[in-house]
Amino acid sequence: MGVSGCGKSTIGKLLAQELNIPFFDGDDFHPEENIAKMSSGQALNDDDRLGWLQTLNKLAIIQLSNKGCVIVCSALKESYRGILNTNIKCSSKWVFLNGSFEQIKERINARKGHFMSSELLKSQFDILEEPKKCIEIDISLSPKKIIKIIKKEVMNTSEFGLFGLGVMGKSLCRNLANNGFKISMFNRHVDGVEENIAKNFKAEHKELSNSEAFDDISSFVNSLQQPRRIMLMVNAGKTIDYVIEDLLPHLSENDILIDGGNSNYKKTKERFEYLKTKNIHFIGTGVSGGEEGALKGPSIMPSGDIEAYKSVQPFLETISAKDKNGLPCCTYVGPEGSGQFIKMVHNGVEYVEMQLLAEVATILENLGQNPDEIANTLESWKESANSYLLEITTSIFRKKEGNDWLVNKILDKAGNKGTGNWTAIASAELGVPSTLITSALFSRYISFYKEERILLNKSFKEVNNSKANITTNDVLEAYQFARIINHYQGFKLISEASIKSSWNLNLSKIARIWTNGCIIRSTLMEDLVEVFKNTTNILTNPKLIAIVNQYKPSAKKVISECVLNDITTPALAEALQFLNGITTAYASANIIQAQRDYFGAHTYQRLDDTSGKSHHTNWN
Ligand code: 6PG
């Protein structure tokens, strides 16, 4: 674009030749009456231009469905460019050939047979609104140099940006590069602490040789194709907001930010709304699979703006793990922060799966098994209850350091980064009984009271050398029983949140993207993909009802033996308590209601009055 005489036809033709795409001169599309008007020395007005600009827009849309094209057009006003850009804003690039009035007048006067006289040039300069976001080129440069600059800007930009080169960010960069994407990588510079992180990282890995490395935000952002796709892999929390503010001045309308951290889903919604006011798209996405998953294929749970998702879909789906049918373990989850919500629940379920394995290992230890034997037992469970966490726990029990097992040398205080905590909070807020998640979470908290445990152990824990009277098969069945209850609770929480927030989440799809790449992948999860095709409540599925009923006697036996032998198994026990609670037709809550009415006149409803009326009794 640029005023008549700036050289756009010459440059446009050369560029199209270089890029091997079609060339169109906008002037060739003027209707007769416009040409006549200009030839008679009159300037075109906005009405004259409207139909012509719309024709060019249609032309661009058609060409974009093929391999694109170069169109030259004066496009002097922002509103003209708006018409030309209709529906293709994200796919078009503007090159502004800029020169002074004198420079261009001289050129025009030297031309023969052009319908634009130099007098009309002034009217063009009068209405010229210089574009803000464009590749601006000084027309005094040689055409060769101009083409070189444009090509560099158009072609040599990266398709995807990764901001934050921690463990996960680095693995995702390598994954993207291994899949042939041209990426730009950014890590901040902190004197003496974080220096040349991106550059050094690039140098360490062959696959990154075609990637760009930055520690300067502006150059990083400018290295990206528009609309820019930038994935933030920084610490969840306030840091995300700081990073957003740092990036904003460099971004353009329609750029897309993807938060791939374990962010709180409510914050994601707030950020989504905030960035919407700046015309920036925001996608909150759960990413599961740890360092190895991120490198070889994680499970990815994006949510937010569906249109923006389409622009990042090829990247996220390509780098994600694949399910047993070869489909990506990445799908658009739903609106707002629903992707991070389900990742949060994923982590809650993960906490329980981990806790259950820790509990069964403790029982197996009570049965006299050493770590190698525990590993053997767990290994044998793969056949009927396989999962990623079972596999890694098996390896953990085999790992030796010197003559002893490493697991026995690890301090028994479990850490957490907060997602389990949020799951418990979300459950309480939504009124959903996620009792296993809270139990697993609070077990971690109890573990943290190491000094108090040692102190109280002296006063309360009698030495109990007795052995539980159960078999390893009983333990396996109790474990399988508890896992079904865990998955029931996790998906129940998702389903209730989906109803409450009108997210319309698809549980089968969610289970499917959790069959590979993520931490809670398992054969049970594969079964759930099918189960959720017919129900949102897994405890109504005939096959699972039969399994729960079949394993319940073992669960009862194992849990009571654990109680009798002072073996701490809160999650296993809670699974049984919960099933008893959720399957009790007439619960003890009548007594709670009576108590509430007694001391606070909170009223109650009666079984023999179906009108729903509130009753109150003077209990004295
Ligand atoms: C995953 C993990 C991952 C991480 C969490 C849990 O899906 O890849 O869940 O997100 O392990 O940070 O951490 P905490 O146990 O520290 O809460």
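Given the structure is predicted, the values throughout are model-derived calculations rather than measurements.

Participant: Report on the overall build of the chain, specifying residues and quantitative values.
Facilitator: Looking only at helices and strands, the chain features 26 helices and 13 strands. For 620 residues, the compact-globule estimate of 2.2 N^0.38 gives 25 Å, and the C-alpha radius of gyration of the chain, at 32 Å, exceeds that figure by more than 25%. Reported as C-alpha extents along the three principal axes, the dimensions of the chain are approximately 105 × 70 × 45 Å. Taking the contacts inside the chain whose residues are at least 6 apart along the sequence as the reference set, 71% of them involve residues at least 24 apart.

Participant: Break down the side chain of T377 for me, citing the residues and quoting the values.
Facilitator: As for its position among the elements, T377 is in helix α16 (residues 371–385). What makes T377 buried here is its relative accessible area of 10%. Engagement of the side chain of T377 in a polar contact is seen with the side chain of Q369, the distance being 2.7 Å.

Participant: Could you give me a rundown of helix α19 (residues 435–448), with the residues and numbers involved?
Facilitator: Counted at 1.5 Å a residue, the expected span for α19 with its 14 residues is 20 Å, and the 20 Å between its end C-alpha atoms agrees. Residues of α19 that are buried in the fold lie against α15 (338–366), α18 (419–430), α20 (450–460), α21 (472–501) and α25 (570–582).

Participant: Quick one: what's the story with the sheet that holds strand β8 (residues 229–232), residue by residue and with numbers?
Facilitator: Taken in spatial order, the seven strands line up as β7-β6-β5-β8-β9-β10-β11 in an open sheet, and their pairing is mixed. What marks the edges here is a single partner per strand, and that holds for β7 (212–214) and β11 (299–304). In this sheet, adjacent strand axes meet at a mean angle of 20° when their direction is disregarded. Judged from the three bridges that link them, strand β5 (residues 160–163) and β8 form a sheet pairing that is parallel. In the sheet register, L162 faces β8, and the bridge partner there is M231. Those strands touched by helix α9 (residues 197–204) are β6 (183–186) and β7, and its axis lies near 150° from that of β7.

Participant: Report on unusual backbone geometry, specifying residues and quantitative values.
Facilitator: In this model, Q226 is joined to P227 through a cis peptide bond whose omega is -5°. Inspection of the secondary structure assignment puts P227 in the loop between α10 (217–222) and β8. Phi at S502 is positive, roughly 55°, even though this residue is not glycine. With respect to the element layout, S502 can be found in the loop between α21 and α22 (507–513). With a phi close to 55°, N504 is a non-glycine residue in the positive phi region. Along the polypeptide, N504 turns up in the loop between α21 and α22. When its relative accessible area of 69% is taken as the criterion, N504 is described as exposed.

Participant: With reference to specific residues and values, describe the site of the ligand.
Facilitator: If you check the shell around the ligand, you find 13 residues, and the closest are S288, K343, E350, Y351 and K417. Between the ligand and N262, the relevant distance is 2.9 Å, taken from an oxygen atom to a side-chain nitrogen or oxygen of the residue. Separating an oxygen atom of the ligand from a side-chain N or O atom of N347 is a distance of 2.9 Å. When the free accessible area of the ligand is taken as 410 Å², the share hidden by the protein chains comes to 81%. Considering each element in turn, the shell around the ligand owes the most residues, five residues, to α15. If you count residues domain by domain, the shell around the ligand takes at least three from each of domain 2 (160–336) and domain 3 (345–582).

Participant: Before we move on, could you go through the domain arrangement of the chain and cite the residues and values that matter?
Facilitator: Domain boundaries assigned for the chain yield domain 1 (8–155), domain 2 (160–336), domain 3 (345–582) and domain 4 (586–620). Of note, the centres of domain 1 and domain 2, computed from C-alpha atoms alone, are 35 Å apart. Summed over both sides, the interface of domain 1 with domain 2 buries roughly 540 Å², with 42% coming from carbon and sulfur. At the surface where domain 1 touches domain 2, the tally comes to zero salt bridges.

Participant: For the nonpolar core, give the residues involved together with the corresponding values.
Facilitator: Counting residues in each nonpolar core, the largest one holds 82 residues, and the members touching the most others are F341, F491, I494, W514 and L528. Domain assignment of the residues forming this core places at least three in each of domain 2 (160–336) and domain 3 (345–582). Ignoring sequence-local partners within four residues, the contact set of F341 consists of Y265, A426, L430, L493, I494, A497 and W503. Within the second largest apolar cluster, 33 residues are counted, among which are L15, L56, F96 and L121.

Participant: Would you mind going over the environment of K322 in detail, with residue names and values included?
Facilitator: Summarising the element assignment, K322 is placed in the loop between α14 (306–319) and α15. Here K322 falls in the partly exposed class, since its relative accessible area comes to 32%. Remark: the alpha-carbon pair of K322 and P298, spanning 24 residues in sequence, is separated by 8.8 Å. Here S320 takes part through its backbone oxygen, which lies 2.5 Å from a polar atom of the side chain of K322.

Participant: Give a description of the packing of α21 against helix α24 (residues 542–564) that names residues and reports values.
Facilitator: Taken N-terminus to C-terminus, the directions of α21 and α24 make an angle of 125°; their axes are 7 Å apart at the nearest point. Between α21 and α24, the interaxial angle falls into the category oblique. Helix-helix and strand crossings are classified by hand; for α21 and α24 the assignment is left-handed. Taken together, the residues of α24 that come into contact with α21 (itself represented by D474, V475, E477, A478, Q480, F481 and I484) are L544, I547, V548, Q550, Y551, K552, S554, A555, K557 and V558. Tallied by class, the residues present in the contact of α21 with α24 amount to ten nonpolar, three polar and four charged.

Participant: Describe in detail helix α3 (residues 46–64), supporting the description with residues and values.
Facilitator: For α3, spanning 19 residues, the distance from its first C-alpha to its last is 26 Å, which sits close to the expected 27 Å at 1.5 Å a residue. Among the residues of α3, D48, R49, W52, L53, L56, N57, L59, A60 and Q63 are the ones counted as buried.

Participant: Can you break down the packing of aromatic side chains residue by residue, with the values?
Facilitator: Using the criterion set out here, one finds 19 aromatic pairs in the structure. Site record: aromatic cluster; members linked through ring pairs are F163, F186, F214 and F220. Between the NZ or CZ atom of K413 and the centre of the ring of F448, over which it lies, the distance is 5.0 Å. Across from the ring centre of Y351, 3.5 Å away, lies the NZ or CZ of R444, which sits over that ring.

Participant: So what's going on with the pairing of strand β10 (residues 281–288)? Residues and values would help.
Facilitator: For β10, the tally of buried residues reaches eight of eight residues, placing the bulk of the element in the interior. Neither face of β10 is open: one carries H281, I283, T285 and V287, the other F282, G284, G286 and S288, and all of them are buried. Summarising the sheet, strand β9 (residues 256–259) and β10 pair through four bridges and their orientation is parallel. In the strand pairing of β10, I256 is matched with H281. The β-α-β motif built from β9, the intervening helix α12 (residues 265–276) and the parallel element β10 has right-handed crossover chirality. One ladder, built from six bridges, connects β10 with β11; its direction is antiparallel. Counterpart to S288 in the pairing with β11 is S299.

Rules used in this analysis
- Residues numbered from 1 in each chain as written.
- Predicted model: local features only at pLDDT ≥ 70, side-chain atom pairs only at ≥ 80, totals over all residues.
- Heavy atoms only, no water.
- Helix = DSSP H or I, 4+ residues; strand = E, 2+ residues; numbered from the N terminus.
- Rg over C-alpha atoms; globule rule 2.2 N^0.38 Å.
- Contact = heavy atoms within 4.5 Å.
- Buried < 20%, exposed > 50% of the residue type's maximum accessible area, 1.4 Å probe, protein only.
- Polar contact = N/O pair within 3.5 Å; in protein donor to acceptor, adjacent residues only side chain to side chain.
- Expected span 1.5 Å × (residues − 1).
- Pairing = 2+ DSSP bridges.
- Axes fitted to C-alpha atoms, helices over the stretch in contact; angles between N-to-C directions.
- Near = heavy atom within 4 Å.
- Areas by Shrake-Rupley, 256 points an atom, 1.4 Å probe, with all protein chains shown as cover.
- Domains from an automatic or database assignment.
- Buried area = accessible area lost by both parts, 1.4 Å probe.
- Salt bridge = Lys/Arg side-chain N within 4 Å of Asp/Glu carboxyl O.
- Core = buried A, V, L, I, M, F, W, Y, C linked by side-chain atoms within 4.5 Å.
- Parallel < 35°, antiparallel > 145°, perpendicular 65-115°, else oblique.
- Left-handed = near helix turned anticlockwise from the far one by under 90°.
- Nonpolar A, V, L, I, M, F, W, Y, C, P; charged D, E, K, R; others polar.
- Phe/Tyr/Trp six-rings, centres within 6.5 Å; stacked < 30°, edge-to-face > 60°.
- Lys NZ or Arg CZ within 6 Å of the ring centre and 35° of its normal.
- Right-handed = clockwise from strand over helix to strand, strands pointing away.

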